Amino acid sequence: MLWVKAFHIIAMVCWFAGLFYLPRLFVYHATANAETNNNISDEAANARFKTMERKLYRGITTPAMIATIGLGGWLLSYAPEAYLAAGWMHIKLTLVLVLVVYHLYCGKLVKLFAGDANTHSPVFYRWFNEFPVLILVGVVLLVTVKPGLS
């Protein structure tokens, strides 16, 4: 069980690393596009950001999400009645579901950037980038403290 837990944590760290970096790439990409709209053409940067976003999303972040969820399910299977009876676990699983939705929305944004159809500003992405931090804090506190919720 400890090996599964260790790999679950490693996968979670990789998933969050991707979810922290991908929106940061969106900030830079949107900034490059805004500069292009101001008659400063940088097609090489635009193409580079598209490649980086696609590879990060498909090659690292999505596999890490799948591994995190799969290993988490494996951990849950060791004592499902005990874990699912705990209120903190319900909140944690809800936060994980919210994070999956965020992840999928990032995938949509990758496709929008790939098609040169982004409509959000760099400022939007700066705020968007902060959301996974809130989820991380919540999940870590719940798993560590395991508050006795009714």
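We now turn to the structure provided with this report. For every chain, the first residue of the written sequence is number 1, and numbering continues from 1 onward in sequence order. pLDDT decides what is reported in this predicted model: residues at 70 or higher carry local features, side-chain atom pairs at 80 or more are listed and counted, and totals for whole chains, interfaces and linings draw on all residues regardless. By convention in this description, side-chain values take in all heavy atoms of the structure and omit both hydrogens and water.

**With respect to helix H2 (residues 43-78)**
For helices the rule is a DSSP run of H or I covering at least 4 residues; for strands it is a run of E covering at least 2, with both sets numbered from the N terminus onward. Each helix should span, by expectation, one fewer than its residue count multiplied by 1.5 Å. Between the first and last C-alpha of H2 there are 52 Å, a value that for 36 residues agrees with the 52 Å anticipated at 1.5 Å per step. Taking the largest bend as the criterion, H2 deviates by roughly 35 degrees, centred on tyrosine 57. The quantity called bend is, for any residue, the angle between two axes fitted respectively to the seven residues ending at it and the seven beginning at it.

**Points about the nonpolar core**
Of all hydrophobic cores here, the largest spans 33 residues; its most connected members are Trp15, Leu22, Phe26, Cys106 and Tyr125. Mapped onto this core, the elements with two or more residues apiece are helix H1 (2-37), H2, helix H4 (87-114), helix H5 (122-128) and helix H6 (131-145). By the convention used here, residues are in contact when the closest approach between their heavy atoms is within 4.5 Å. Apart from residues lying up to four places away in sequence, tryptophan 15 is in contact with Thr61, Ala64, Met65, Thr68, Val96, Leu99, Val100 and His103. Side-chain atoms within 4.5 Å are what join buried Ala, Val, Leu, Ile, Met, Phe, Trp, Tyr and Cys residues into a set we call a nonpolar core. Three labels apply to residues, based on accessible area from a 1.4 Å probe with only protein chains included: buried if under 20% of the type maximum, exposed if over 50%, partly exposed otherwise in between.

**Side note on the side chain of threonine 68**
Looking at the secondary structure, you find threonine 68 in helix H2. Polar side-chain contacts of threonine 68 include one of 3.2 Å to the backbone oxygen of alanine 11. A distance of 2.7 Å separates a polar side-chain atom of threonine 68 from the backbone oxygen of alanine 64. If we ignore the near neighbours within four places in the chain, the residues touching threonine 68 are His8, Ala11, Met12 and Trp15. Polar contacts here mean pairs of N or O atoms no more than 3.5 Å apart (in protein, one a potential hydrogen donor and the other a potential acceptor; neighbouring residues in sequence count only if both atoms are side-chain atoms).

**Quick notes on unusual backbone geometry**
The phi angle at aspartate 116 is positive, at roughly 55 degrees, despite the residue not being glycine. Among the secondary structure elements, aspartate 116 is positioned in the loop between H4 and H5. Positive phi is not limited to glycine here, since lysine 146 has a value of about 50 degrees. Topologically, lysine 146 is positioned in the segment after H6.

**Points about the layout of surface pockets**
Vacant regions in the atomic arrangement are exposed by a probe of water-molecule size rolled over the atoms. Here a cavity denotes a set of grid points, spaced 1 Å apart and computed over the protein atoms alone, in which a 1.4 Å probe fits but from which it cannot get out, and a pocket denotes an open set meeting protein on both sides within 12 Å along at least five of seven lines; residues with an atom within 4 Å of a point are reported as lining. Grid points are joined across faces, edges and corners, and a volume is the space filled by probe spheres set on the points. What the largest pocket holds in volume is close to 640 Å³. Forming the walls of the largest pocket are 25 residues, and the residues nearest its centre are His8, Gly72, Leu75, Lys92 and Val143. Looking at the lining of the largest pocket, the elements with two or more residues in it are H1, H2, H4 and H6. Each residue gets one of three labels, nonpolar for Ala, Val, Leu, Ile, Met, Phe, Trp, Tyr, Cys and Pro, charged for Asp, Glu, Lys and Arg, and polar for the others, Gly among them. Class assignment of the residues belonging to the lining of the largest pocket gives a composition of 17 nonpolar, five polar and three charged.

**With respect to the packing of H4 against H6**
Angle between the axes and distance between the axes are the two parameters that describe a pair of packed helices. Direction vectors running N to C along H4 and H6 enclose 160 degrees, while the axes themselves pass 10 Å from each other. Taken together, H4 and H6 sit at an angle that is classed as roughly antiparallel. With respect to the hand of their crossing, H4 and H6 are arranged in left-handed fashion. Contacts between H4 and H6 involve Trp88, Ile91, Lys92, Leu95, Val98, Leu99 and Tyr102 from the former and Phe131, Pro132, Ile135, Gly138, Val139, Leu142 and Val143 from the latter. When its residues are assigned to classes, the contact of H4 with H6 shows 12 nonpolar, one polar and one charged. Axes, fitted as lines to C-alpha atoms, cover a helix only where it is in contact. Angles between the N-to-C directions of the axes lie from 0 to 180 degrees. When describing relative orientation, an angle under 35 degrees is termed roughly parallel and one over 145 degrees roughly antiparallel, while 65 to 115 degrees is termed roughly perpendicular and anything else oblique. Note: crossing handedness is left-handed where the near helix turns anticlockwise from the far helix by less than a right angle, and right-handed where it turns clockwise.

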